[in-house]
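Listed below are the residues making up each chain.
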Amino acid sequence: MKNYKKVLVVLVGVLFLSCSKNDAEEYIPLTAEEGEQFSGGETTVFNKSEEAFGFFAPNLSFDEQSDFGIGNSFFRQNWVTAPASTTARDGVGPFFNAISCSSCHFKDGRGRAPLVAGETGHGLLLRLSIPGIDGNGGNLPDPIYGGQLQDGAVLGQTIEGKISIIYQSITETFADGTTVVLQKPSYQINTLGHGPLASNLQVSPRVANQMIGMGLLEAIPESTLLGFADENDTNKDGISGKVNYVHDVASNSKKIGRFGWKANQPSVRQQVAGAFLGDMGITTSLFPNENAPFGVDLTAIANGGTPEISDLNFERVVLYSSTLAVPARRNYAEQNVLKGKKTFKTIGCVNCHIPKIQTGSNHSIAALRNQTIRPYTDLLLHDMGTDLADNTPDFKATGTEWRTQPLWGIGLIETVNNHTNLMHDGRAKNVTEAILWHGGEAKSAKDKFKKLTAIERSELLEFINSL
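Remember, predicted model here, so these are calculated numbers, not experimental data.

Thresholds applied
Residues numbered from 1 in each chain as written. Predicted model: local features only at pLDDT ≥ 70, side-chain atom pairs only at ≥ 80, totals over all residues. Heavy atoms only, no water. Pairing = 2+ DSSP bridges. Helix = DSSP H or I, 4+ residues; strand = E, 2+ residues; numbered from the N terminus. Buried < 20%, exposed > 50% of the residue type's maximum accessible area, 1.4 Å probe, protein only. Arc of directions from axis to C-beta. Contact = heavy atoms within 4.5 Å. Expected span 1.5 Å × (residues − 1). Salt bridge = Lys/Arg side-chain N within 4 Å of Asp/Glu carboxyl O.

K.L.:
Looking at this structure, I do not really get the sheet that holds strand S7 (residues 202-207). What am I missing?
P.N.:
By way of backbone hydrogen bonds, the strands of a sheet pair with one another, either parallel or antiparallel. Judged by pairing direction, the sheet is antiparallel, and its three strands sit side by side in the order S3-S2-S7 without closing on themselves. Both outer strands of the open sheet, strand S3 (139-140) and S7, are each paired with one neighbouring strand and no more. The pairing of strand S2 (residues 124-133) with S3 spans two bridges and is antiparallel. In the strand pairing of S3, isoleucine 133 is matched with asparagine 139.

K.L.:
I keep staring at unusual backbone geometry and nothing clicks. Help me out?
P.N.:
Negative phi values dominate among residues other than glycine, just as trans dominates among peptide bonds. In this model, glycine 93 is joined to proline 94 through a cis peptide bond whose omega is 15°. Tracing the sequence through the fold places proline 94 in the loop between helix H3 (62-76) and strand S1 (95-96). Between threonine 306 and the following residue, proline 307, the backbone shows a cis peptide bond with an omega angle of -5°.

K.L.:
Is there a simple way to think about helix H12 (residues 443-451) in this case?
P.N.:
An α-helix turns once every 3.6 residues. As a result, residues three or four positions apart point the same way. The complete set of buried residues in H12 reads Ala445, Lys446, Phe449 and Lys450. Considered in projection along H12, the buried side chains sweep an arc of 140° and stay on one side of the axis. Buried residues along H12 sit against strand S5 (162-173), helix H11 (431-436) and helix H13 (454-464).

K.L.:
Please clarify how helix H7 (residues 268-280) should be interpreted in this entry.
P.N.:
In a regular helix each residue adds 1.5 Å, so 13 residues correspond to 18 Å; H7 covers 17 Å between its end C-alpha atoms and thus fits that length. Within the span of H7, buried status applies to Val268, Gln270, Val272, Ala273, Phe276, Leu277, Gly278, Asp279 and Met280. Tucked inside the fold, the buried residues of H7 contact S1, helix H4 (101-104), S2, helix H5 (214-218), strand S8 (245-248) and helix H8 (311-322). Glycine 281 occupies a position one or two residues after H7 and carries a positive phi of about 70°.

K.L.:
How do you make sense of the pattern of salt bridges when you look at a structure like this?
P.N.:
Oppositely charged side chains can form a pair if their charged atoms are brought close together. Applying the stated criterion across every chain yields a total of 20 salt bridges. With a closest N to O distance of 3.2 Å, glutamate 36 and arginine 329 form a salt bridge. Here glutamate 36 is found in the loop between helix H2 (21-26) and H3, whereas its partner arginine 329 is found in the loop between H8 and helix H9 (335-346), with 293 residues between them in sequence. In the salt-bridge network here, residues are joined through shared partners; they are Glu33, Glu36, Arg329, Lys341, Lys356 and Arg374.

Geometric values such as these leave the question of function open.
Right, here's the structure in full:
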């Protein structure tokens, strides 16, 4: 009997020693980081409904909460043609893409490309420019149509034009033989209302982003972003992110760009003012001049005052846009999600989508100061390759460079907006397609993604969709 027990012990020992180190590690459970669910730090809200992007940061003061509510009303409600009895909300146009902020950012979420020809208010617009730079280092607009195509106009005015999209199919194949068919869009502008477009026109499609966490991104210190940058790839890791330096209108100076697909806006305030003017034709004290095609007599068209939104209400919309809460992570402690998180790091996604950042102590909104946030971005410009290129420079951004997209909230876009379309023009129908569009500096991560097993890909997607 004693000899039998000895043999049994020896056999167990042999079996244990025959296991590889990787096999043993597979049985060690992974654990989440402390506080990992708080994507927005103290501004995080625990909600995963279709309203998940629409809550104020819970650490706002009572007065800020009140201003948030008023800003919300100006964001969501439609603007009307001037003159009107609703003087606080008249003056839309005369040329525009939408009649409310929420037309493109429905429920403070993400826009998409039109589903059918002629659909408006979907959240995709076209930036227009010609080669060269203006006195502030920005793009030169089309001589007739300006810097953005408006496909809407008030009564009595002719729209600038209509957008049509043609898709080309591109097939990607994973190492296990699985195929994915991508759709690469090309854009055409039809039904021109005010003459020909420039022969050397540059067209850049831009889809409306979800609004959460913008103030937190603004609160990240410049020194932090500069610390992320490695423009000349001095560490030889193949990643050469750089900051964009753009024109700040209020200070008439150059500042680091943080917002927009090419990081071409330096602040939430300027981003909001630019959208009011470019998207809806609403003037602010920051951008007081109406948009119109060359040759249109603006003096003959009624407006909603000068400016069309008062400074008080404008600042309330800025506060609203700055303090929309970031939803908490879901399923963040589950083993499959944690395995996906490990793969996210292993294949190099974290080189640009930086998981954790600390905000600074100087933001004008106290609730945004000194927060540990998890936005999964470096806010830098990266070369994403020729397949994603719009061939349109934007300040320091080249025609192949795009800002790293924050990933927080990505898993709730379908719940809030009833679609999963991603990338700067919505070409990717889901996260898998979005990864497969990565090129340039991100090609190595994409190639590693394509070599993963089906289970590893599933775990990675579950992690990303938990953000």
